[in-house]
Amino acid sequence: MIQEIDEITKEIEKYADKIEDKTFLITGGAGFIGSWFCDTILSLNGKVICVDNFISGSKKNIEHLQRNKRFKLIKKDFCTLKFNKKVDYVIHMASIASPPLYQLHPLQTLDIGYIGTKNALSIAVKNKANFLFTSTSEVYGNPPDDQVPTKEDYYGYVNSFGERSMYDESKRVSEAMIYSFIKKYPSIKFRIARIFNTYGPRLDQDASQYGRVLIKFVQQALFNQPITVYGDGKQTRSFCYITDQIIGLSKLLLEDDLPFNIFNIGNDKETSILELARLVKELTKSKSEIILNAKPNYDIKDDPRRRCPDISRARKYLGFNPKINLNEGLKRVIEWYKKH
Ligand code: UDP
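Computed from a prediction, not measured in an experiment: that's the story for all the values here.

Draft legend 1. Region of interest: the packing of aromatic side chains. For the coordinates displayed, the defined rule picks out 13 aromatic pairs. Here the aromatic cluster, defined as three or more aromatic residues joined through ring pairs, consists of Phe-131, Phe-181, Tyr-185 and Phe-190. The ring of Trp-36 carries Arg-202 above its face, with NZ or CZ at 4.4 Å from the centroid.

Draft legend 2. Geometry of the packing of helix H8 (residues 213-222) against helix H10 (residues 273-284). Running from amino to carboxyl end, H8 crosses H10 at an angle of 40 degrees, the nearest separation of the two axes being 9 Å. By the angle between their directions, the pair H8 and H10 is classed as oblique. Like other packed secondary-structure pairs, H8 and H10 cross with a definite hand, here right-handed. Contacts between H8 and H10 involve Val-213, Leu-214, Phe-217, Val-218, Ala-221 and Leu-222 from the former and Ile-273, Leu-276, Ala-277, Val-280 and Thr-284 from the latter. Among the residues making up the contact of H8 with H10, the classes are represented as ten nonpolar, one polar and no charged.

Draft legend 3. Representation of the pattern of salt bridges in the model. Tallying each qualifying case throughout the model produces 23 salt bridges. Between Arg-332 and Glu-4 there is a salt bridge, and its shortest N-O distance comes to 2.9 Å. Placement of Arg-332 in helix H12 (residues 326-339) and of Glu-4 in helix H1 (residues 2-12) is noted, with a sequence separation of 328 residues between them. For Arg-332, a relative accessible area of 12% corresponds to the buried category. A salt bridge links Lys-151 to Asp-310; its shortest N-O distance comes to 3.0 Å. Here Asp-310 lies in the loop between strand S13 (290-291) and helix H11 (312-318) and Lys-151 lies in the loop between strand S5 (130-136) and helix H7 (165-184), a separation of 159 residues in the sequence. Classification of Lys-151 by relative accessible area gives partly exposed; the value is 41%.

Draft legend 4. Highlighting the pairing of strand S2 (residues 47-51). Burial analysis of S2 places four of its five residues in the buried class, which makes it a mostly covered element. Pairing analysis gives five bridges linking strand S1 (residues 23-27) to S2, with the strands arranged parallel. Bridge pairing in S2 places Phe-24 opposite Val-48. You can see the chain leave S1, run along helix H3 (residues 32-43) and come back into S2, and the turn it takes is right-handed. Alignment of S2 against strand S3 (residues 71-74), held across four bridges, turns out to be parallel. Bridging from a neighbouring strand, Ile-49 pairs with Lys-72 of S3.

Draft legend 5. Representation of unusual backbone geometry in the model. Cis geometry is found at the peptide bond from Val-148 to Pro-149, where omega equals -5 degrees. The residue Pro-149 is located in the loop between S5 and H7 in this model. Within the chain, Lys-285 stands out as a residue other than glycine whose phi angle is a positive 50 degrees. Within the fold, Lys-285 resides in the loop between H10 and S13. A relative accessible area of 74% places Lys-285 in the exposed class. One non-glycine residue, Asn-293, adopts positive backbone phi at about 55 degrees.

Draft legend 6. Region of the structure containing the packing of helix H6 (residues 106-127) against H7. In the contact formed by H6 and H7, the axes pass within 8 Å of each other and the chain directions differ by 20 degrees. When the interaxial angle is binned, H6 and H7 end up roughly parallel. Once H6 is placed against H7, the crossing between them reads as right-handed. Here H6 contributes Pro-106, Thr-109, Leu-110, Gly-113, Tyr-114, Thr-117, Lys-118, Leu-121, Ser-122 and Val-125 to the contact with H7, which in turn contributes Met-166, Tyr-167, Ser-170, Val-173, Ser-174, Met-177, Ile-178 and Phe-181. In the contact of H6 with H7, the residues fall into eleven nonpolar, six polar and one charged.

Draft legend 7. Focus on the environment of Lys-75. Here Lys-75 shows up in the loop between S3 and strand S4 (89-92). Each C-alpha atom, one on Lys-75 and one on Glu-7, is 30 Å from the other, the two residues being 68 residues apart in sequence. Once residues within four sequence positions are removed from consideration, Lys-75 is found in contact with Asp-52, Phe-54 and Lys-59.

Draft legend 8. Summary view of the side chain of Asn-267. With respect to the helices and strands, Asn-267 occurs in the loop between strand S11 (262-265) and strand S12 (270-272). Take Asn-267: its relative accessible area is 10%, and that puts it in the buried class. Separated by 2.9 Å, the side chain of Asn-267 and the backbone nitrogen of Lys-269 make a polar contact. Setting aside chain neighbours within four positions, we find Asn-267 in contact with Ser-238, Phe-239, Cys-240, Pro-309, Pro-322 and Ile-324.

Parameters at a glance
- Residues numbered from 1 in each chain as written.
- Predicted model: local features only at pLDDT ≥ 70, side-chain atom pairs only at ≥ 80, totals over all residues.
- Heavy atoms only, no water.
- Phe/Tyr/Trp six-rings, centres within 6.5 Å; stacked < 30°, edge-to-face > 60°.
- Lys NZ or Arg CZ within 6 Å of the ring centre and 35° of its normal.
- Axes fitted to C-alpha atoms, helices over the stretch in contact; angles between N-to-C directions.
- Helix = DSSP H or I, 4+ residues; strand = E, 2+ residues; numbered from the N terminus.
- Parallel < 35°, antiparallel > 145°, perpendicular 65-115°, else oblique.
- Left-handed = near helix turned anticlockwise from the far one by under 90°.
- Contact = heavy atoms within 4.5 Å.
- Nonpolar A, V, L, I, M, F, W, Y, C, P; charged D, E, K, R; others polar.
- Salt bridge = Lys/Arg side-chain N within 4 Å of Asp/Glu carboxyl O.
- Buried < 20%, exposed > 50% of the residue type's maximum accessible area, 1.4 Å probe, protein only.
- Pairing = 2+ DSSP bridges.
- Right-handed = clockwise from strand over helix to strand, strands pointing away.
- Polar contact = N/O pair within 3.5 Å; in protein donor to acceptor, adjacent residues only side chain to side chain.

In structure tokens, the structure reads:
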């Protein structure tokens, strides 16, 4: 994974002096994306205070950091944490992002989007710290075809009363709260990344039955078990490799002047779930059978049909340009999975 960190730091070296000796509060820092962010900051000599309650984060993601003097872990629910330390940046990533897992913990999912975001924003204001919130493509809900690829100014077609609403509305209320803070505190930098499906080593490390589709398929293929496609497999996602995602998030946080607060960060190559299943099977040389209309282990009633970001804003203002295609990224994930 040293290769991944090198790839990231090479792309964000120009911000090195904004990171060195600065303190970053990272909520959800033991999660998949959070832990990669911790690694990146530490490798550029920043300091990290990581807060995680391990509902979906994993100790394995951060155990290699525990001896680093610049890394501090607070094992607490951020919603109830009294936090008085001085920080230069607040990165609010804590959330439960896997559909089966947020359906299992609906109230915690809502709390972190309301109470957690309010706490994180208050800490940013108190410290005059730059603020980054990781929102989601789910704020767009289930967009019609003429809104795919989806731009940041599309308002969304979201069910507020259903099996994905605890997650989608939690992120939407966070965005609304950030909007209010921007009005009230114009001198502080508030940034929002709308993240599309992201994958890489450490994805859903401890959560096999609650895992996201890509890691589930890799696991099923490597064990020669049936690959379980829900529905007809024509639904799409756009998969962004973790290094590209971290580069995009870092640029969004650290770039000085931007004319927008919200940026889609993801890969804009759209792939159907059936294509993904076939590619995983091919790359693992698996004997698994691909099953269509498999029985889901969570409620897929509001499963979005298509998800693909329009990333022209991020390309233009951040110079964001995802480099790792699905073929290459999957090969790396398969290697990582085999070693674990
Ligand atoms: N999916 C699937 N088989 C599985 C798990 C998920 O076909 O075993 C599909 C799911 O219906 C959805 C897509 O894969 O259309 C992505 O699901 P994921 O859980 O990764 O998260 P989402 O992108 O929906 O938040």
